[in-house]
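Structural characterization, general
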6 protein chains.
Amino acid sequence: MSQEYKLIPNNSLITDTPEQGRELAIKMARLVVKATQSDAKIREKLRPVYAEDPSMLLDVGKVVAIEFQTIAAANNYWNKPS
Amino acid sequence: MSQEYKLIPNNSLITDTPEQGRELAIKMARLVVKATQSDAKIREKLRPVYAEDPSMLLDVGKVVAIEFQTIAAANNYWNKPS
Amino acid sequence: MSQEYKLIPNNSLITDTPEQGRELAIKMARLVVKATQSDAKIREKLRPVYAEDPSMLLDVGKVVAIEFQTIAAANNYWNKPS
Amino acid sequence: MSQEYKLIPNNSLITDTPEQGRELAIKMARLVVKATQSDAKIREKLRPVYAEDPSMLLDVGKVVAIEFQTIAAANNYWNKPS
Amino acid sequence: MSQEYKLIPNNSLITDTPEQGRELAIKMARLVVKATQSDAKIREKLRPVYAEDPSMLLDVGKVVAIEFQTIAAANNYWNKPS
Amino acid sequence: MSQEYKLIPNNSLITDTPEQGRELAIKMARLVVKATQSDAKIREKLRPVYAEDPSMLLDVGKVVAIEFQTIAAANNYWNKPS
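To start, this report covers the structure provided alongside it. (Residues numbered from 1 in each chain as written. Chains lettered and ligands numbered in written order. Predicted model: local features only at pLDDT ≥ 70, side-chain atom pairs only at ≥ 80, totals over all residues. Heavy atoms only, no water.)

Attention now moves to the relation of the copies chain C and chain D. By a simple turn and slide, chain C fits onto chain D: the slide is 0.0 Å along the axis, the RMSD is 0.0 Å, and the turn is 60°. Taken together, the turn and the small shift mark the pair as related by a six-fold rotation axis. Every residue of chain C has its C-alpha some distance from the rotation axis, and the shortest such distance is that of Ile66(C), at 7.0 Å. Residue by residue, only 17% of the interface of chain C is reproduced at the interface of chain D, so the copies engage with different surfaces. (Least-squares fit on C-alpha atoms with pLDDT ≥ 70 in both. Contact = heavy atoms within 4.5 Å.)

The structure is reproduced here in structure tokens:
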């Protein structure tokens with residue numbers, strides 16, 4: 001069912017745990033790339049480029065960190081409500 | 001009617017779902033480019049450049065992630081009020 | 001009267017609508033460039049450079065997105081108080 | 001008296017107006033550069049480099065935008081308390 | 001037991017102290033790189049590249065700073081509740 | 001005693017004044033570089049590189065600005081509680 005959504009799996013920012021929130025951040029970052037470059041063949045060619053470039057790997061880290069800020073806030077940082 | 005607005009479709013940050021919020025983030029990012037480079041022909045030439053450049057694709061991801069932070073906060077992260 | 005202010009038109013972050021908030025974000029970003037490079041002739045030469053460079057256009061998008069975060073928060077995301 | 005402080009003039013984030021807050025953001029950004037490169041002669045040589053480079057001007061805009069977020073929050077966005 | 005988690009050690013953003021929160025930020029940044037480039041041999045080759053490149057070291061600093069913002073907020077900045 | 005901590009002097013984000021908060025932001029940014037590049041000789045060689053490069057100086061400014069956001073929030077922007 002999550003396949004129906006192109007940008008946010010399950011159409012929700014809520015996850016059970018921080019680890020799952022982090023996985024969501026990585027997926028959301030990838031889905032923006034997919035929405036910008038819809039040709040799967042080109043994406044396949046680009047992936048190894050940034051995965052072997054230390055500067056681009058750091059850029060991946062930046063994007064994921066920003067997405068995770070949003071997800072963590074949405075989940076009240078996974079703290080139980082007091 | 002959303003055509004009347006050049007920078008934010010419908011002139012609102014509120015969306016029904018996270019997926020729609022993400023779509024809005026992508027549109028808002030594109031509309032700033034449009035406002036900066038008003039010549040559609042030049043924009044058409046630039047689009048494939050960044051869509052095939054892994055570093056620029058990551059930059060697209062950064063911009064969208066920042067816009068989405070604002071939209072998600074505006075929508076209280078799509079959580080129902082308690 | 002907004003001409004009196006060099007960095008923020010009308011000396012206020014408050015706008016009536018999100019669209020106007022977005023316009024303010026773009027203006028504030030430009031006014032920092034103006035404050036840094038006061039020579040109008042040089043600015044005129046630089047403008048087409050970044051307007052035709054996809055990487056710099058994305059950088060414009062980043063700056064505007066950050067400014068807009070501040071403006072949106074200042075306006076409580078244009079939500080009516082509950 | 002503000003000369004006593006090397007990083008934040010008057011040792012305060014509070015300003016009367018948004019315009020003054022923006023001026024403070026620009027000063028704070030410059031004072032970090034000064035703290036990192038203490039040699040005034042070198043700084044004088046570097047200034048025209050970034051003031052004539054469109055990419056670096058955008059970077060100046062990014063730094064100022066981030067500093068301004070902090071200053072605006074410190075001043076409750078210059079809204080009067082309700 | 002923290003080995004079970006690939007992206008966030010112990011699957012929690014909560015730490016006892018700011019110092020430990022900072023360590024977590026560094027680990028989380030590294031684990032995103034690991035998730036993006038799963039080949040340990042390639043990662044080993046890339047590490048010295050960015051550790052000796054001043055621009056990339058600053059990029060590491062940016063990623064860690066963003067991750068730390070999230071962790072610090074999750075821990076209420078390590079202030080005791082009033 | 002602050003020597004015991006490798007990432008945050010005194011293991012605290014709390015400072016008496018904004019100026020001291022800014023000093024802490026600069027130190028925290030440097031300590032991440034130190035944690036990433038532990039060889040003091042290499043760090044000594046890299047320092048003049050970024051201190052004379054206008055683009056990297058702006059990057060230093062970005063990192064410090066982000067760290068300072070966290071520190072300022074931790075200190076409630078140095079406003080007295082109302």
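On to the interface of chain B and chain A. Contacts between the two partners involve 26 residues from chain B, matched on the other side by 30 residues from chain A. Counting each side, the surface lost to burial between chain B and chain A is near 2400 Å², with a carbon and sulfur contribution of 71%. It is Glu19(B), Arg22(B) and Leu58(B) that lose the most area in chain B upon contact with chain A, and together they represent 26% of the buried surface on that side. On the surface where chain B and chain A come into contact, there are 2 salt bridges. Between Glu67(A) and Arg22(B) there is a salt bridge, with the nearest N and O atoms lying 2.4 Å from each other. Summed over the shared surface of chain B and chain A, the number is 11 residue pairs in polar contact (both at pLDDT 80 or more). Elements represented by at least two residues in the side of chain B that touches chain A include exactly helix H1 (18-36), helix H2 (40-51) and helix H3 (54-74) of chain B. (Buried area = accessible area lost by both parts, 1.4 Å probe. Salt bridge = Lys/Arg side-chain N within 4 Å of Asp/Glu carboxyl O. Polar contact = N/O pair within 3.5 Å; in protein donor to acceptor, adjacent residues only side chain to side chain. Helix = DSSP H or I, 4+ residues; strand = E, 2+ residues; numbered from the N terminus.)

Chain C puts 30 residues into the contact, and the matching count from chain D is 26 residues. In this structure, the connection of chain C to chain D is made through 2 salt bridges. Note that Lys62(D) is salt-bridged to Asp59(C), the shortest N-O span being 3.1 Å. The interface formed by chain C and chain D includes 11 residue pairs in polar contact (both at pLDDT 80 or more). The residue inventory of the side of chain C that touches chain D, partitioned by class, reads 20 nonpolar, 6 polar and 4 charged. (Nonpolar A, V, L, I, M, F, W, Y, C, P; charged D, E, K, R; others polar.)

The next subject is the packing of helix H1 (residues 18-36) of chain D against helix H3 (residues 54-74) of chain D. Residues and elements named next belong to chain D. As a packed pair, H1 and H3 sit with axes 8 Å apart at the nearest point and diverge in direction by 125°. In terms of orientation, H1 and H3 fall into the oblique class. In this structure, H1 meets H3 at a crossing whose hand is right-handed. For the pair H1 and H3, contact is made by Pro18, Gly21, Arg22, Leu24, Ala25, Ile26, Met28 and Ala29 and by Val63, Val64, Glu67, Phe68 and Ile71, respectively. Looking at the contact of H1 with H3, its residues break down into 10 nonpolar, 1 polar and 2 charged. (Axes fitted to C-alpha atoms, helices over the stretch in contact; angles between N-to-C directions. Parallel < 35°, antiparallel > 145°, perpendicular 65-115°, else oblique. Left-handed = near helix turned anticlockwise from the far one by under 90°.)

Function cannot be read off these values alone, since they describe shape.
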